[in-house]
Amino acid sequence: MKHIAEHKDNAESIIEHAGFSFLYIRNLSPIPVEEVQYHSAVIIEVKNYDFVRLMVSSIRANLSPDIYLKPIFLLKKDTYDDAVMDELADGSIKGLDELDLVVPTVERISTRVQDLTFTNSISFEAQIITKLITLLYTKEQKTVDPFPYVYSNIGYYYPLLSVNFQRTEETVALDILKIAEEEGILRSDYYDRVYLCSSCSSNHLSYREVCPKCSSSNTTPDDIVHHFPCGYVGPMQDFKNEIDDKLDCPKCNKRLKHIGVDYDKPSVIHDCNNCHHKFQDYHVNAKCLSCLSDKSVETLKPTEIKSYRLTKKGELAAIKGFVTTTKDIDEVIGTIKYDTFKTMLKYEIERLKQTEGQSNICAINISNSSQVYSKLGSDLQRGLLKDLVSVIRSNIRSSDVIAFESSSTIVMSMNAIPNKIAKKIIGEMVSLLNDLIKTSFEDLDVLFDTKVVALDYAKTHEAHLKELITDFS
Ligand SMILES: [Zn+2]
Ligand SMILES: [Zn+2]
Ligand SMILES: [Zn+2]
């Protein structure tokens, strides 16, 4: 039932099998990575490892889920193992006749991809975290372990994450892991510590004993000899003669007999061949093989390497879409945390039980947020949110609060006013927001949806919030 359709310059083949379309990438025949999105899975022939690394990395490092989440299988006849490539791929086969073996994996990944919600992330960090957790989810994998890797600039590589970074930017992966842990998406265990160059963060270092005066590594060590009978202490060189390999004491002229009996070598002295300084205690320098800086080991940056596990919250974030880190949103001035908003709402409902006043919660949702956020870089995204918040702020009372429910939904309280007034205010707010967008952002269509919910003390705060945002999710 299998047929191989070949086109272009034979460089790429498409294999239809079991209802799936496999893109077969032959050795040293690169294909444009965009091609990957049109197929169910990719098979890469393993012969030249540099080529395999290039192809696998370009797929996993792509920013489009249609590409980076695609199942990858390595076709390898020998047993060569590259643990990092194996981690990035989804399995391996020995020949094209073994395709049946990987069909269940393709099925499983395609099904799990359907569970995911893709949104544009507000920050680069959130975008990379999304990539990591969606890959973990589709691979049904919970661990993010560091792999010792010679191609890594920092010595350890987190394949599914580090693949997004150039060699010189690999430490960013560590920052991202830290943020993901703070968000409760991953939790960590200590694994190892590495020492990184203070100038360029590389771990490719050459350690040498150097002269404390001139930092030259061109030094010659010499034993120090202590002659017991006369008490003379001096470098071995002073005891040598030109005739034989015996040692004679330069002070008392006696021939040395047995180490430990009439003499000892209590320490070593170093002779600098560059500045001729003699010294006992050398310095240890680390020469960075990437940027060539050559500094004392004291200046290196000790960096903890941890292994990570996806939490339940992380798994849910993969499914629901992870748009912002708490940090991104906390940075928008004039807002409070969503959790705090919930707590304040709870108290307001309690208060209404006593007073029977009228209060409201309102939401403004950017209904085309994916388009908006994909048009704007992360700086502009943050700028937009900041502007929106400042317009909202100036239209509500100072006792009312604003929070982000998500990167596309802003919620606020409008306490102690009738529902009708709240609706009127929010209508005016949207027209002000539209004016703002027109003047501040060129060619940007931002569509706003609004909702106002009057507080009802017979209902819980969760029920109110559900009603408020249900139309937007
Ligand atoms: Zn002597
Ligand atoms: Zn020296
Ligand atoms: Zn360096």
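Cut-offs and rules
Residues numbered from 1 in each chain as written. Chains lettered and ligands numbered in written order. Predicted model: local features only at pLDDT ≥ 70, side-chain atom pairs only at ≥ 80, totals over all residues. Helix = DSSP H or I, 4+ residues; strand = E, 2+ residues; numbered from the N terminus. Rg over C-alpha atoms; globule rule 2.2 N^0.38 Å. Buried ≥ 20, exposed ≤ 12 C-beta atoms within 10 Å, placed from the backbone. Contact = placed C-beta atoms within 7 Å. Core = buried A, V, L, I, M, F, W, Y, C linked by C-beta atoms within 7 Å. Axes fitted to C-alpha atoms, helices over the stretch in contact; angles between N-to-C directions. Left-handed = near helix turned anticlockwise from the far one by under 90°. Pairing = 2+ DSSP bridges. Expected span 1.5 Å × (residues − 1). Arc of directions from axis to C-beta. pLDDT = per-residue confidence, 0-100. Parallel < 35°, antiparallel > 145°, perpendicular 65-115°, else oblique. Nonpolar A, V, L, I, M, F, W, Y, C, P; charged D, E, K, R; others polar.

In terms of helices and strands, the chain carries 14 helices and 22 strands. Expected size for 473 residues packed as a compact globule is a radius of gyration near 23 Å; at 33 Å, the chain overshoots this value by more than 25%. Projected onto its principal axes, the C-alpha positions of the chain cover 110 × 70 × 40 Å. Counting only residues that meet the buried cut, the chain has 33% of its 473 residues in that class. Here the contacts in the chain between residues at least 6 apart in sequence split such that 65% fall between residues at least 24 apart.

Looking now at the nonpolar core. Side chains of a nonpolar character, in soluble globular proteins, are inclined to be buried together. Ranked by size, the top nonpolar core spans 62 residues in total, and within it Val42, Ile43, Ile44, Val56, Ile129, Ile133 and Leu160 carry the most contacts. Among the elements that take part in this core, helix 5 (residues 124-138) stands out by supplying eight residues, more than any other. When near neighbours in sequence (up to four residues on either side) are disregarded, isoleucine 44 contacts Ile25, Val52, Met55, Val56, Ile72, Leu74 and Leu75. Ranked by size, the runner-up nonpolar core spans 29 residues in total, among them Leu345, Leu388, Ile392 and Ala422.

Where helix 10 (residues 338-355) meets helix 14 (residues 461-469), the closest approach of the two axes is 9 Å, and the angle between their N-to-C directions is 115°. Relative to helix 14, helix 10 is oriented so that their crossing is right-handed. Each of Lys342, Leu345, Lys346 and Ile349 in helix 10 lies in contact with helix 14, whose residues at this interface are His461, His464 and Leu465.

Moving on to unusual backbone geometry. One non-glycine residue, alanine 416, adopts positive backbone phi at about 60°. Following the sequence through the fold, alanine 416 ends up in the loop between strand 21 (409-414) and helix 13 (419-440). Taking the C-beta count within 10 Å as the criterion, alanine 416 has 16 such neighbours and is therefore assigned partly exposed.

Right, let's talk about the sheet that holds strand 20 (residues 402-406) for a bit. Strand order in the open sheet formed by four strands is 20-21-19-22, and the pairing between neighbours is antiparallel. The open sheet has two free edges, formed respectively by strand 20 and strand 22 (448-454), since each of these has just one partner strand. Here the strands of the sheet are splayed against their neighbours by 25° on average, with no regard to which way each runs. Pairing analysis gives seven bridges linking strand 19 (residues 360-366) to strand 22, with the strands arranged antiparallel. Looking across to strand 22, one finds that alanine 363 is bridged to lysine 451.

The end-to-end C-alpha distance of helix 7 (residues 171-182), which contains 12 residues, comes to 17 Å, matching closely the 16 Å that a straight helix rising 1.5 Å per residue would cover. For helix 7, the set of buried residues is Ala173, Leu174, Ile176, Leu177 and Ala180. Along the axis of helix 7, the buried positions cluster into a sector of 160°, meaning they face one direction only. Facing away from the buried side of helix 7 by more than 90 degrees, the exposed set consists of Asp175 and Glu182.

Here we take up the sheet that holds strand 18 (residues 301-310). Spatially, three strands are ordered 7-18-10 in an open sheet, and the strand pairing comes out antiparallel. The two strands at the open ends of the sheet, each matched to only one other strand, are strand 7 (143-144) and strand 10 (186-196). Direction of pairing for strand 10 relative to strand 18: antiparallel, over a ladder of 10 bridges. Looking at strand 18, one finds that leucine 196 is bridged to lysine 301. The strands touched by helix 7 are strand 10 and strand 18; relative to strand 10, the strand with the most contacts, the crossing angle is about 155°.

Where burial is concerned, most of strand 4 (residues 41-45) is hidden: four out of the five residues are buried. Where strand 4 lies against strand 5 (residues 72-75), four bridges are found, and the strand directions are parallel. Residue isoleucine 44 lies in a different strand from strand 5, and its bridge partner there is leucine 74.

As a further point, take the confidence of the model for the chain. Summary statistics for the chain give a mean pLDDT of 91 and a share of 95% for residues scoring 70 or more. The secondary structure element of the chain with the lowest average pLDDT is strand 1 (residues 3-7), at 45, and the one with the highest is strand 7, at 98. Contacts from residues 1-11, a stretch scored under 50 in pLDDT, to residues over four places away or in other chains number 11 contacts.

This brings us to the packing of helix 5 against helix 7. Pairs of packed helices are described in terms of their axes, by the angle between the two and the distance that separates them. One way to put it is that helix 5 packs onto helix 7 with a least axis distance of 10 Å and a crossing angle of 80°. Between helix 5 and helix 7, the crossing angle belongs to the class labelled roughly perpendicular. Along its contact with helix 5, which presents Glu125, Ile128 and Ile129, the element helix 7 presents Ile176, Ile179 and Ala180. Its residues placed into classes, the contact of helix 5 with helix 7 shows five nonpolar, no polar and one charged.

On to the environment of phenylalanine 472, then. As for its placement among the helices and strands, phenylalanine 472 is situated in the segment after helix 14. We classify phenylalanine 472 as partly exposed; it has 18 C-beta atoms within 10 Å. For phenylalanine 472 and isoleucine 366, which are 106 residues apart along the polypeptide, the C-alpha to C-alpha distance reads 8.7 Å.

Turning our attention to the environment of threonine 470. Mapping threonine 470 onto the fold places it in the segment after helix 14. Taking C-alpha positions, threonine 470 is 9.9 Å from lysine 451, a pair spaced 19 residues apart along the chain.

With respect to the secondary-structure elements, glycine 427 resides in helix 13. Glycine 427 sits in the exposed class, given 12 other C-beta atoms within 10 Å. Separated by 408 residues in sequence, glycine 427 and glycine 19 have C-alpha atoms that sit 51 Å apart.

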